[in-house]
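Tertiary structure, described
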Amino acid sequence: RCLKDLQDIGVSPSVASTRFRSGYYTKIKQGIYIEPSIWNQWGTRQRCIAHHAAHIKTVPSGVLSHQSAALWLGAPLLTLPNKVHMSFASASVQHRPSVTAHRGRTDVVREAQLVVGASVAAPGQTLRDVALSLPRVEALVIGDYFLRQGVISVASARAALTEAGGAALAVGQRLSALA
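Moving on, we get to the environment of aspartate 129. Mapping aspartate 129 onto the fold places it in helix H7 (residues 123-133). With near-sequence residues (within four places) excluded, aspartate 129 lies in contact with Ser65, His66 and Arg105. A distance of 2.8 Å separates a polar atom in the side chain of aspartate 129 from a polar atom in the side chain of arginine 105.

Shown next as structure tokens:
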């Protein structure tokens, strides 16, 4: 819950702060809290998703991209992201320590899709991004999931990876062989 959510149910900022200091709430990030009983039940992946959700609430101009978009779309990740990957239309975005900001990506922001309350890079763009930024095996796992779950068609995946070129071509060829 964010501070505004707590205020909406009658919890003042000072009471929220007292509850946080006393251990009644666990802080996910500044202004975003959760009850420890819930947090402690979650595994690493669910906590990572919660961390991403917190950033979605507090950085509304950002679009989840790269492995953060893949995570939000349900893909299995061999390595969970240490930071939230967000794309921004603006070339000058304030630095945030827990966010990897990909700046000046107007096309990515314009073509983003709303998925479970979050603005997320389109599947083709996400596949392109992970193919160019992650080890090949990790990109293949994500691409295979996207194809098998119908997140993207074989033709769309091939087109996105061909357009990207470089390392993405090898991922595209391997995915084509798997499909």
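Moving on from the model shown.
With that out of the way, let us pick up the nonpolar core. Residues Leu64, Val120 and Ile142 are the most contacted members of the largest nonpolar core, which totals 35 residues. Sorting elements by how many residues they give to this core places helix H8 (residues 136-148) first, with five residues. Not counting residues up to four positions away in its chain, the partners in contact with leucine 64 are His52, Ile56, Ala69, Trp72, Val84, His85, Met86, Ala118, Ser119, Val120 and Ala121. The next biggest cluster of nonpolar side chains, apart from the first, holds six residues, and it includes Ile28, Trp39, Ala50 and Ala54.

Parameters and conventions
- Residues numbered from 1 in each chain as written.
- Predicted model: local features only at pLDDT ≥ 70, side-chain atom pairs only at ≥ 80, totals over all residues.
- Heavy atoms only, no water.
- Helix = DSSP H or I, 4+ residues; strand = E, 2+ residues; numbered from the N terminus.
- Contact = heavy atoms within 4.5 Å.
- Polar contact = N/O pair within 3.5 Å; in protein donor to acceptor, adjacent residues only side chain to side chain.
- Core = buried A, V, L, I, M, F, W, Y, C linked by side-chain atoms within 4.5 Å.
- Buried < 20%, exposed > 50% of the residue type's maximum accessible area, 1.4 Å probe, protein only.

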